[in-house]
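# Summary of the model geometry
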Amino acid sequence: MKVLLLSIKTGFGHHSAAQALSDCLTAKGARCEIIDAFEYILPVLSESVSAGYLLSTKFTPTVYGKMYALAEKHSKTYSSKFSMTALFNEVLSKKLIAFIQEYAPDVIVCTHVFASQIVTYLKEFHHINAVTIGIVTDFKVHPFWEKTNLDYYVTANEQMYQQMEKKGIEQSRVLPFGIPIKGKFSHSVSKQEARSVLNIDDRRTILFVMGSMGYGNMVKYLFKVDHLNYDLQIICVCGRNEKLKKSIDKRKWNKKIYNYGFVDNIDIMMDAADCIVTKPGGLTTSEALAKKLPLILMNPIPGQEDRNVEFLVNNGAAMLVTKTYPLDEAVYQMFSNDWRLKLLSECVEKIGKPDSAQNLCDFILQIKNDDTV
């Protein structure tokens, strides 16, 4: 079986979901290709979109949030204005359709709504025969999914059925397998074993993860926890933000802080932790949920991350830090009340999808042998 995975570089999560699924499919004998749709068609467009996303979410998040809300409100009314399919005419799509025809995939998987719109366009005008699947990589259906027409759609949870139906996508085409995450998040070791592997003390541990770019004022929040009257330690992951890592390293702290840059063993760190403090990105939260790790959410990027917060908090899996509900208060309430931590843990376990990539992989492999598809 041949599978084509189309992603777009707006944040790390879309590509990571594609990679997780590709790893699973490859291990079972499928041939996979991962392509950034924009980069393949027109590299300068990919660079502009990626840079524009990072700049808008880092420096103008309020504006970005308002644009997202406007798109949610008017996605149907102004679909012709906002839809990316309008940009992909015969000239721009020629290179991609040539690749698809030569590669001849049995299945095309899109991990971004724009990639899904491109495939919808190509299906309509170039008669793609492959089975098409779109993956919604957040806990809320992004605007413009209603402008796609794929065979199946993967969602983070069964509770998103109604959202999809509102977009005109019937339940029979929705696969609530969860956002695909790497297989190493589907199993765990004990806290004691994980702490031994990391060579850290065996005591209550809080994990700080602020995304691959180290987004957010982590130092300010570390100070909040550092002054709590609790016997605890902190694992801090700064991602590729070297300035942030140096800023944390040079300060003196009351608590033991294990400070890292970009890591490839975040799964072990999650096993070692009692809770995670993080931005509410779809991928990181899915990984934490799979690890049955209670969440404290902070610094959501206005737009899809705000919607992720709503889903996770309203379903009892997370606590949200705000100006009037600071991080030290959230940590205090979590660890001062056994029932609070137990309730969070139970909700996390209910929502988590540790076998998301495996279940989607099995579904895709079955497609070739399923005469009904």
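A short tour of the structure in this document, coming up.

Paired through their backbone hydrogen bonds, the strands of a sheet run either parallel or antiparallel. Taken in spatial order, the 6 strands make up an open sheet running β2-β1-β3-β4-β5-β6, and their pairing is parallel. One side of each edge strand has no neighbouring strand; the edge strands of this open sheet are β2 (31–36) and β6 (174–175). With 4 bridges joining them, strand β1 (residues 2–7) and strand β3 (residues 107–110) adopt parallel strand pairing. Along β3, the bridge assignment pairs Leu4 with Ile108. Across the sheet, helix α1 (residues 13–27) touches β1, β2, β3 and β4 (131–135), and the angle it forms with β2 is around 170°. Lying on the sheet, helix α7 (residues 113–126) is in contact with β1, β3 and β4; it crosses β3 at an angle near 145°.

This next bit is on the packing of aromatic side chains. Applying the stated rule across the entire model yields 9 aromatic pairs. Here the aromatic rings of Tyr230 and Tyr332 are separated by 6.4 Å at their centres, their planes lie at 40°, and the arrangement is tilted. Note that Tyr230 is positioned in the loop between α10 (218–226) and β8 (233–237) and Tyr332 in helix α15 (residues 327–336), a separation of 102 residues in sequence. The exposure class of Tyr332 is partly exposed, given its relative accessible area of 43%. By way of ring pairs, the aromatic residues Tyr152, Phe177 and Phe363 are connected into one cluster. Positioned above the aromatic ring of Tyr230, the side-chain terminus of Arg204 is 5.9 Å from the ring centre. Lying over the aromatic face of Phe262, Arg240 brings its terminal NZ or CZ to 4.2 Å of the ring centre.

Right, let's get into the pattern of salt bridges. One pass over the structure, following the stated rule, counts 14 salt bridges. A salt bridge links Glu146 to Lys167; the shortest N-O distance between them is 3.3 Å. Of the two residues, Glu146 sits in the loop between β4 and β5 (152–154) while Lys167 sits in the loop between α8 (161–166) and β6, which places them 21 residues apart along the sequence. Accessibility assignment for this pair places Glu146 and Lys167 in one class, buried. Between Asp271 and Lys291 there is a salt bridge, with the nearest N and O atoms lying 3.1 Å from each other. Here Asp271 is found in helix α12 (residues 266–272), whereas its partner Lys291 is found in the loop between α13 (282–290) and β11 (295–297), with 20 residues between them in sequence. Lys291 shares its class with Asp271; the two are buried.

Moving on: α1. An ideal rise of 1.5 Å per residue puts 21 Å on 15 residues; α1 measures up with 21 Å between its terminal C-alpha atoms. When we look at burial in α1, the residues that qualify are His14, Ser16, Ala17, Ala18, Ala20, Leu21, Ser22, Cys24 and Leu25. Among the structural elements, β1, β2, β3, β4, α13 and α17 (356–367) are those in contact with the buried residues of α1.

This part is about the side chain of Gln233. Structurally, Gln233 is set in strand β8. For Gln233, a relative accessible area of 0% translates into the label buried. A distance of 2.6 Å separates the side chain of Gln233 from the backbone oxygen of Asp201, its partner in a polar contact. Leaving out residues up to four positions away in the same chain, Gln233 has contacts with Ile200, Asp201, Arg203, Arg204, Thr205, Ile206, Lys256 and Tyr258.

What follows is about the packing of α10 against α15. For the pair α10 and α15, interaxial distance at closest approach is 8 Å and the crossing angle is 40°. In terms of orientation, α10 and α15 fall into the oblique class. Along this stretch, α10 crosses α15, giving a crossing that reads as right-handed. Along its contact with α10, which presents Tyr221, Lys224 and Val225, the element α15 presents Leu327, Asp328 and Val331.

Calculation criteria
- Within any chain, residue numbers begin from 1 and follow the written order of that chain's sequence.
- Residues qualify for local features only when their pLDDT is at least 70, as the model is predicted, and side-chain atom pairs are given and counted only at 80 or more; totals for whole chains, interfaces and linings, by contrast, use all residues.
- Side-chain numbers here rest on the full set of heavy atoms in the structure, without hydrogens or water.
- In this description, strands pair whenever DSSP reports at least two bridges between them.
- The helix count covers DSSP runs of H or I at least four residues long, the strand count covers runs of E at least two residues long, and both are numbered beginning at the N terminus.
- Two residues form a contact once any of their heavy atoms are found within 4.5 Å.
- Angles run from 0 to 180 degrees between N-to-C directions of axes, and those axes are lines fitted to C-alpha atoms, restricted for helices to the stretch in contact.
- Pairing of aromatic side chains requires ring centres within 6.5 Å, counting the rings of Phe and Tyr and the six-membered ring of Trp. Pairs whose planes differ by under 30 degrees are stacked, by over 60 edge-to-face, and all others tilted.
- Only protein chains enter the area calculation, which uses a 1.4 Å probe; residues under 20% of their type maximum are buried, those over 50% are exposed, and those in between are partly exposed.
- Two conditions define a charge sitting above a ring: the NZ of Lys or the CZ of Arg must be within 6 Å of the ring centre, and it must be within 35 degrees of the ring normal.
- The salt bridge definition used is simple: a Lys or Arg side-chain nitrogen within 4 Å of an Asp or Glu carboxyl oxygen.
- Each residue after the first adds 1.5 Å to the expected span of a helix.
- In protein, a polar contact requires one atom able to donate a hydrogen and another able to accept it; more generally it is a pair of N or O atoms within 3.5 Å, and residues adjacent in sequence count only if both atoms are side-chain atoms.
- An angle counts as roughly parallel when it lies under 35 degrees, as roughly antiparallel when it exceeds 145, as roughly perpendicular when it falls between 65 and 115, and as oblique in every other case.
- Note on convention: the crossing is left-handed when the near helix lies turned anticlockwise from the far helix by less than a right angle, right-handed when the turn is clockwise.

Geometric values such as these leave the question of function open.
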